[in-house]
Amino acid sequence: MGYTGNDEIRKRRTFAIISHPDAGKTTLTEKFLLYGGALQLAGSVTARKKQRETASDWMELEKQRGISVSSTLLQFDYRDWRMNLLDTPGHRDFSEDTYRVLMAVDSVVMVIDAAKGIESQTRKLFEICRDRGIPIFAFMNKLDRPGKAPLELVDEVETVLGIGACPVNWPLGDGVDFRGVYDRMKKEAHLYERVSGGAYKAPVSVRDFSDPSLAGELHGKAYEQAVEELQILDAVQGALDPAAVLEGRSIPVYFGSAVNNFGVDLLLDGFAEHSSPPVPRRSNRGVVPMDASEFSGFVFKIQTNMNPLHRDRIAFVRVCSGKFERDMQAYVSRTGKRIRLSDSHTHFGQSREIVDEAWPGDIVGLVTRQDLRVGDTLSGDPGLVFDEIPRFAPEHFGFITNPSPANYKPFRKGLEQLLSENIIQAFRVPSPAHQNKTLLGAVGLLQFDVLLHRLKSEYGAEAGIDNMPWKVLRWAESELDDGALAELLPYEAAVAYDETGRRVLLFTSEWSMEHFLERHHGEVALTHTPPARREA
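Heads up: these notes are all about the structure in this document. Keep in mind it's a predicted model, so treat the numbers as computed, not measured.

Attention shifts here to the packing of helix α2 (residues 25-35) against helix α11 (residues 264-274). At a minimum axis distance of 10 Å, the contact between α2 and α11 shows a crossing angle of 80°. As summarised for this structure, α2 and α11 are arranged roughly perpendicular, according to the angle between their axes. Along the contact surface, α2 presents L28, K31, F32 and Y35, while α11 presents V264, D265, L267 and L268. Residues that form the contact of α2 with α11 fall into these classes: 6 nonpolar, no polar and 2 charged.

The structure is reproduced here in structure tokens:
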């Protein structure tokens, strides 16, 4: 018999904000916190370099470069909803980390730069969301700057992404003359006032669109242009269909300026009302009901040293069913061991608060020394396994080096801790030439920079990367032993093993791999993703 937590489940909203770099994801994240009451003062991205830093970026390298390369949990209450906002890496080199976060959310806000439209990273992330059936809300950002025409942006969403777009509001003016938005659902005009640095909520006046004073407050022909465009929209676009949004057939489109707080309130209101509540997750035993009596969840993120004072290791868990309670015990599906879930927290950047209970849709950070890995299932049922989070095949490889043997202990400890986050993959190459060396594989080169920076700043260990020529990795299934397989490989290709003992082949190019397969397809099978996991 299930517990009586359905009201708690329905009020949860677990989501991520995604975008192409520089579209304004970090700024919008911060403004959600401002309007949600979690921040009293919002810093801007430009001000971060001078005197403030955004609350969602905590790593020193992020502050230096003005980018987001880690994922953090930001939890706050907004009206009747409990918002679990998962801040995702904005850099394309960390797309694997973003993908894992998307496995843990129920809805997504997609930020689009109104001057640039749909960019490559936006399209890639959209396709991942579409494949998973995640409802998407679009925010056309930076209307305070010259950009593409609003009708062009809506058309681009439909043609480039291949999905219906429903403008929920419409911009009034553009560039320096951008004054606010028209709410098509309530038929109200919202005019905002700019505040210094966007540090506070923007004062707003709401009036009927037919108010004679409205035309006078908009500069130039902004009012006449808005009237004309809205007539076109009304002729071809009906009202927002909430069912179509939840089914992934339509994207609600909002316009605004995150840096000035224009339209952020309407986006947050609309998202909270129309986004998806928690949805049940699929396991090896079928769909797991959220109101099941047994607690269950899965680990989608490991983060070390979020708080340098603690030198800790946090496993972020998406609660999928039952009720989580601090100090409860649960099985780790991969090992079969039963562990106590005692040190549980919610997070706000580096800050943390102890959490005593959580419901499906919530994200819990477990500070633990236990052997937890990305993809692990935690449950009262030792046989329950949620679908494993797949891995990307790395495209850049290099052996990590320790130039100071006297510093071996902090180097080894730091490397082990950081590798546990699964941002970079580790491999062992069995050839004598590479004995006792750790080969690292990354989706993007920036991942190597972050690893070396964190080894030095967090563990005091200098390190280097000896880059290797391999560009293509495939997991391999073959009856041949390593020696026999190595004799078949083309020049500079190699046999290696991942961290769980699965054999991989490394090639210098796609052509080299394809030529190898043509000659030996009956002896070797290659896959983009790992076969069933087994321990080394």
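The grouping of L151, I232 and V236 at the surface amounts to a nonpolar patch, some 250 Å² of accessible area in total. Looking at where L151 falls in the secondary structure, it is placed in helix α7 (residues 150-161).

Turning next to the packing of helix α12 (residues 408-419) against helix α13 (residues 446-459). Packing of α12 against α13 brings their axes to within 10 Å, and their N-to-C directions diverge by 125°. One element, α12, and the other, α13, form an angle in the oblique class. As α12 runs across α13, the sense of the crossing is right-handed. Contacts from P410, F411, G414, L415, Q417 and L418 of α12 reach α13 at L451, R454, L455, E458 and Y459. A class-by-class count of the residues in the contact of α12 with α13 yields 7 nonpolar, 2 polar and 2 charged.

The next subject is the pattern of salt bridges. Under the definition given, this model contains 25 salt bridges. Among the salt bridges present, the one from D77 reaches R82, with a minimum N-O distance of 2.4 Å. Exposure remark for R82: the relative accessible area of 23% places this residue in the partly exposed category. A salt bridge links K148 to E156, with the nearest nitrogen and oxygen atoms 3.0 Å apart. Among the residues examined, E156 registers a relative accessible area of 12% and is labelled buried. Taken together, the shared-partner salt bridges connect R334, D371, R373 and D376 into one network.

Moving on to the nonpolar core. Core analysis: the largest hydrophobic core is formed by 112 residues, its most contacted members being L28, F32, L102, I251 and L378. Formed by 16 residues, the second largest nonpolar core is a distinct cluster that contains F411, A442, F448 and I465.

Criteria and cut-off values
Residues numbered from 1 in each chain as written. Predicted model: local features only at pLDDT ≥ 70, side-chain atom pairs only at ≥ 80, totals over all residues. Heavy atoms only, no water. Axes fitted to C-alpha atoms, helices over the stretch in contact; angles between N-to-C directions. Helix = DSSP H or I, 4+ residues; strand = E, 2+ residues; numbered from the N terminus. Parallel < 35°, antiparallel > 145°, perpendicular 65-115°, else oblique. Contact = heavy atoms within 4.5 Å. Nonpolar A, V, L, I, M, F, W, Y, C, P; charged D, E, K, R; others polar. Patch = residues over 30% accessible without salt bridge, like charges linked within 9 Å, V, L, I, M, F, W, Y side chains within 5 Å. Areas by Shrake-Rupley, 256 points an atom, 1.4 Å probe, with all protein chains shown as cover. Salt bridge = Lys/Arg side-chain N within 4 Å of Asp/Glu carboxyl O. Left-handed = near helix turned anticlockwise from the far one by under 90°. Buried < 20%, exposed > 50% of the residue type's maximum accessible area, 1.4 Å probe, protein only. Core = buried A, V, L, I, M, F, W, Y, C linked by side-chain atoms within 4.5 Å.

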